[in-house]
Amino acid sequence: MKGILSVQSHVVYGHAGNSSAVFPLQRMGFEVWPIHTVQFSNHTQYKEGWTGRAFAAEDITSLVSGMAAIGQLENCEAVLSGYQGSAEQCLAIQETVQRVKAANPQALYVCDPVMGAPDKGCIVAPGIAEHLINTLMPMADIIVPNQFELSQFAGIEINSLEDAVKACQLALGKGPKMVLVKHLHSVSSEMFSMMLATQEGCWLAQRPHLEFDKQPVGVGDLISALFTGQYLATGKAEEAFSHCNDACYAVLKETSQRGEWELQTIAAQNEIVDPAEHFPLEAL
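Worth saying up front: this structure is predicted, and the values here are computed from it rather than measured.

Draft legend 1. Here's a closer look at the packing of aromatic side chains. Applying the stated criterion to the full structure yields four aromatic pairs. Where Phe40 meets Trp50, the ring centres are 5.8 Å apart and the plane angle is 45 degrees; that geometry is what we call tilted. Residue Phe40 is found in strand β2 (residues 31–40), and its partner Trp50 is found in the loop between β2 and β3 (52–54); the two are separated by 10 residues along the sequence. Sitting above the plane of the Trp261 ring, Lys214 keeps its charged end 4.1 Å from the centroid.

Set out below in structure tokens:
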């Protein structure tokens, strides 16, 4: 039984972190082995607050050791990491990836380098950004940054499409084989833009902006999961990129139509596998 080890945050109510990533991957036909870096009652954008805590880095390594003891690391097809609650957890992710790749050299490491979004009130603990930039992103096969995170890794400002392409090329030179930019806000004010860069080429995906009273949380986690699953299923980066753009839009459209801000992943589950609307990619 092969599976995906997903090490991310978790919310009891709603869809963010593993709560956004696990079900879509399962719906796409994958076994998913979730390890939670934090467990909160709900995501942190609720004005009422939230409860819960971050787990110790040792909890991650202990759980991975348990998986190793029953001989399952060799069956891990990919490690997917997202929000980390401490710098020490980043080191635990590094060790986890090394152990998985030692057991299965074909396994992928997909890094969603969550560095915080001050405009959303999301701040990461000290040391996390440095560990992501210097250790986890360079060792990843695939990175899934937003525009800010890409600019931090590439070391340049991004204010245009040309800047984004250059930043992706610089990022590819630092170790990753693929860069999926999950949101490029400087490219278009009218469309939601994402970019995929590999050694073979660069593609732009755009889809309509949807209006929300409060912006949904967990969209980036959904994008990372959709791309990881489709890439594992097909081995084709361009096809996986197109699918994740279409399927993510379908989930957001369902969310908008229901007047919600928690992602309506369950209601849109059929479109996770077979999206009804398709937005063509632009080769750059």
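Draft legend 2. Region of the structure containing the pattern of salt bridges. This model, assessed by the stated rule, comprises eight salt bridges. Lys47 is paired through a salt bridge with Glu48; the nearest N and O atoms lie 3.2 Å apart. Each member of the pair, Lys47 as well as Glu48, is classed as exposed. For Arg99, the salt bridge is made with Glu95, and the minimal N-O distance between the two is 3.9 Å. Taken together, the positions of Arg99 and Glu95, both in helix α3 (residues 87–103) and four residues apart, correspond to about one turn of that helix. In this structure Arg99 comes out as partly exposed when scored by relative accessible area, which is 27%. Through salt bridges with shared partners, one network takes in Lys101, Asp141 and Lys177.

Draft legend 3. Structural detail: the sheet that holds strand β1 (residues 3–11). The strand order across the open sheet built from 10 strands is β3-β2-β1-β4-β5-β8-β9-β10-β11-β12, with neighbouring strands paired in mixed fashion. Of all the strands in the sheet, just β3 and β12 (282–283) have a single pairing partner and so form its edges. Note: β1 against strand β4 (residues 76–81), five bridges, orientation parallel. Its bridge partner being in β4, Ser6 is matched across the sheet by Leu80. Each of β1, β2 and β4 is contacted by helix α1 (residues 18–27), which is oriented at about 145 degrees to β1, the strand it contacts most.

Draft legend 4. Examining the side chain of His43 more closely. Positionally, His43 belongs in the loop between β2 and β3. Here Gln45 takes part through its backbone nitrogen, which lies 3.1 Å from a polar atom of the side chain of His43. Not counting chain neighbours up to four residues away, the residues in contact with His43 comprise Val11, Ala16, Trp50, Val217, Trp261 and Glu262.

Draft legend 5. Main features of the pairing of β1. When you tally the buried positions in β1, you get nine out of nine residues, the bulk of the element. Relative to β2, β1 is paired through eight bridges, and the arrangement is parallel. Looking across to β2, one finds that Gly3 is bridged to Glu31. At this point the chain moves from β1, through α1, to the parallel β2, and the crossover so formed is right-handed.

Draft legend 6. Quick peek at the UniProt feature "binding site: ATP" (unreviewed entry) in the chain. According to UniProt, the positions carrying the feature "binding site: ATP" (unreviewed entry) are Asp112, Val144, Glu149, Lys182, Arg207, Pro208, His209 and Leu210. Spanning 99 residues, the named residues do not form one spatial group; their C-alpha atoms are separated by as much as 23.3 Å. Inspection of the secondary structure puts Lys182 in the loop between β9 (178–181) and β10 (191–198). Lys182 sits in the buried class, given a relative accessible area of 8%.

Draft legend 7. Quick peek at the environment of Glu31. As for its position among the elements, Glu31 is in strand β2. Distance from Glu31 to Pro176, taken between C-alpha atoms, is 25 Å for residues 145 residues apart in sequence. If near-sequence neighbours (up to four positions away) are discounted, Glu31 is found in contact with Met1, Lys2, Gly3 and Ile4.

Draft legend 8. Focus on the environment of Ala197. Along the polypeptide, Ala197 turns up in strand β10. On the accessibility criterion, Ala197 (4% relative accessible area) is buried. In the structure, Ala197 is positioned 122 residues away from Asn75 in sequence and 28 Å away in space, judged by C-alpha atoms. Excluding residues within four positions of it along the chain, Ala197 makes contact with Cys168, Leu172, Lys177, Met178, Val179 and Cys202.

Conventions adopted
Residues numbered from 1 in each chain as written. Predicted model: local features only at pLDDT ≥ 70, side-chain atom pairs only at ≥ 80, totals over all residues. Heavy atoms only, no water. Phe/Tyr/Trp six-rings, centres within 6.5 Å; stacked < 30°, edge-to-face > 60°. Helix = DSSP H or I, 4+ residues; strand = E, 2+ residues; numbered from the N terminus. Lys NZ or Arg CZ within 6 Å of the ring centre and 35° of its normal. Salt bridge = Lys/Arg side-chain N within 4 Å of Asp/Glu carboxyl O. Buried < 20%, exposed > 50% of the residue type's maximum accessible area, 1.4 Å probe, protein only. Pairing = 2+ DSSP bridges. Contact = heavy atoms within 4.5 Å. Axes fitted to C-alpha atoms, helices over the stretch in contact; angles between N-to-C directions. Polar contact = N/O pair within 3.5 Å; in protein donor to acceptor, adjacent residues only side chain to side chain. Right-handed = clockwise from strand over helix to strand, strands pointing away. UniProt positions renumbered as here; feature names shortened; annotations may be inferred.

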